[in-house]
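Close look at the chain arrangement
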Amino acid sequence: MGEQVRYGLVGTGMMGVEHIENLKITPGAVVTALADPTESSLAWARGALGDAAAAATAFDSAEALAKSGLCDAVIVASPNFTHRAVLEPLFDAGLHILCEKPLATTMADARWIVDRASRSDRVFWTAMEYRYMPPAAEFIDEIHAGRIGRLQMLSIREHRFPFLPKVGDWNRFNRNTGGTMVEKCGHFFDLMRLIVGAEAVRVYCSGAMDVNHLDEAYRGERPDIIDNSYTTVDFANGVRAMLDLSMFADGAENQEEIAAVGDRARLEVLIPEGAIVYSPRVGFRNPKRVERRVVEVDAAALDAGSHHGSTFYEHRKFNAAVRGQGPVEVTALDGLMAVAIGAAAERSAREKRVVEMSEMGV
């Protein structure tokens with residue numbers, strides 16, 4: 001492969017440009033090809049590349065990019081509903097692939113991707129950036145090292161801004177995104193599986209579209225995406241996890257707050273504050289012994305995106321895997337399982353009932 005890995009990018013919207021900004025600071029990475037059917041998005045990508053844009057050939061489709069021979073690895077950052085169609089020529093061309101979450105919008109498409117990835121000798125990596133936020137990564141390591149004892153309860157809160165505008169307004173409709181619980185919350189269901197170390201067995205979600213997008217219409221059609229929810233997930237090892245989502249909490253000090261409670265202590269991580277807070281059990285009315293520290297993040301990584309530096313750290317790991325110098329840490333199967341929990345949550349919210357994961361075929 002030589003000293004550099006040649007990257008192609010399919011989908012050059014907001015997330016695609018974040019990948020470009022992070023590839024610019026990833027050792028051994030060079031962007032050689034771009035694919036997007038929308039010229040304004042390609043122009044955005046060229047602007048992000050700056051002087052390096054001249055070395056990146058633009059295409060209007062994934063098929064053309066795949067046939068070009070210009071790439072060793074391809075990042076898929078196109079709209080969710082396009083992933084299967086985009087991935088097919090990339091698999092056929094024998095390319096290494098990093099595919100943005102959600103892996104797909106349906107279980108059938110996710111299973112197809114898992115099958116194709118299993119038959120390839122190339123790296124397939126589902127992009128789950130939240131694993132690689134440095135404070136979150138340290139939080140996970142401490143739980144796995146036993147600092148809180150036996151994990152029993154896990155809660156994740158994301159209080160954030162509404163979904164941003166996208167080309168063609170595709171992200172306003174469940175049929176294009178898989179639904180908010182698949183589109184937005186796949187990161188968190190992936191974190192739950194990673195932290196808990198077991199598979200989900202049942203899901204209950206109470207959620208609706210109550211505040212955002214109520215006065216919007218696109219070609220005469222109203223949006224139908226959840227903007228707030230509570231989701232409880234029971235895992236096979238007895239751990240309970242909960243996700244608290246609000247898409248109309250723009251002013252929250254921390255966008256993500258994750259708390260894990262074991263039989264010996266409680267551990268929290270707060271992002272973007274970067275604080276990890278350790279609170280051991282002390283008994284009733286005894287003095288508390290809370291420890292608090294801030295995990296620093298490389299300034300260049302922070303500046304290169306909106307995911308607290310995580311995209312940069314994920315790219316370092318993916319690049320190593322492509323070179324054969326590290327493992328694939330987030331597989332296609334991991335991507336499928338996150339879609340499955342999200343799809344179960346969407347079904348639960350619509351039907352107002354508990355959904356067993358066996359109903360999702362996993």
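To start, this report covers the structure provided alongside it. Keep in mind the model is a prediction, meaning the values are calculated, not measured. (Residues numbered from 1 in each chain as written. Predicted model: local features only at pLDDT ≥ 70, side-chain atom pairs only at ≥ 80, totals over all residues. Heavy atoms only, no water.)

Some points on the packing of aromatic side chains
- Per the stated rule, a full pass over the model turns up 9 aromatic pairs.
- On the basis of an interplanar angle of 65 degrees and a centroid distance of 6.2 Å, the ring pair of phenylalanine 81 and tryptophan 170 is categorised as edge-to-face. One end of the pair, phenylalanine 81, is in the loop between β4 (73-76) and α4 (83-92); the other, tryptophan 170, is in the loop between β7 (151-159) and α7 (174-177), with 89 residues separating them in the sequence.
- Overall, phenylalanine 81 belongs to the partly exposed group, its relative accessible area being 39%.
- With a centroid separation of 6.1 Å and 70 degrees between ring planes, the pair formed by phenylalanine 91 and tryptophan 112 is classed as edge-to-face. Highlighted residues: phenylalanine 91 in helix α4 and tryptophan 112 in helix α5 (residues 107-118), separated in sequence by 21 residues. Neither phenylalanine 91 nor tryptophan 112 differs from the other in exposure class; each is buried.
- Taken together, the ring pairs connect Tyr7, Trp125, Tyr132 and Phe318 into an aromatic cluster.
- A cation sits over an aromatic face here: arginine 175 above phenylalanine 173, 4.8 Å from the ring centre. (Phe/Tyr/Trp six-rings, centres within 6.5 Å; stacked < 30°, edge-to-face > 60°. Helix = DSSP H or I, 4+ residues; strand = E, 2+ residues; numbered from the N terminus. Buried < 20%, exposed > 50% of the residue type's maximum accessible area, 1.4 Å probe, protein only. Lys NZ or Arg CZ within 6 Å of the ring centre and 35° of its normal.)

Section: the state of the cysteines
- Tallied over the entire structure, the rule returns 0 disulfides.
- Not engaged in a disulfide, the cysteine cysteine 71 finds its nearest cysteine sulfur in cysteine 99; these two sulfurs lie 15 Å apart.
- Here cysteine 205 stays free of any disulfide, with the sulfur of cysteine 185 as its closest cysteine sulfur at 7.8 Å. (Disulfide = S-S within 2.5 Å.)

Some details on the nonpolar core
- Of all hydrophobic cores here, the largest spans 81 residues; its most connected members are Leu87, Leu90, Phe124 and Phe139.
- A total of 10 residues in this core trace back to one element, the largest contributor, which is helix α12 (residues 332-351).
- Setting aside anything within four residues of it in sequence, one finds leucine 90 in contact with Ala62, Leu65, Ala66, Val74, Val76, Leu95 and Ile97. (Core = buried A, V, L, I, M, F, W, Y, C linked by side-chain atoms within 4.5 Å. Contact = heavy atoms within 4.5 Å.)

So far we have only geometry, and geometry alone does not tell us how the molecule works.
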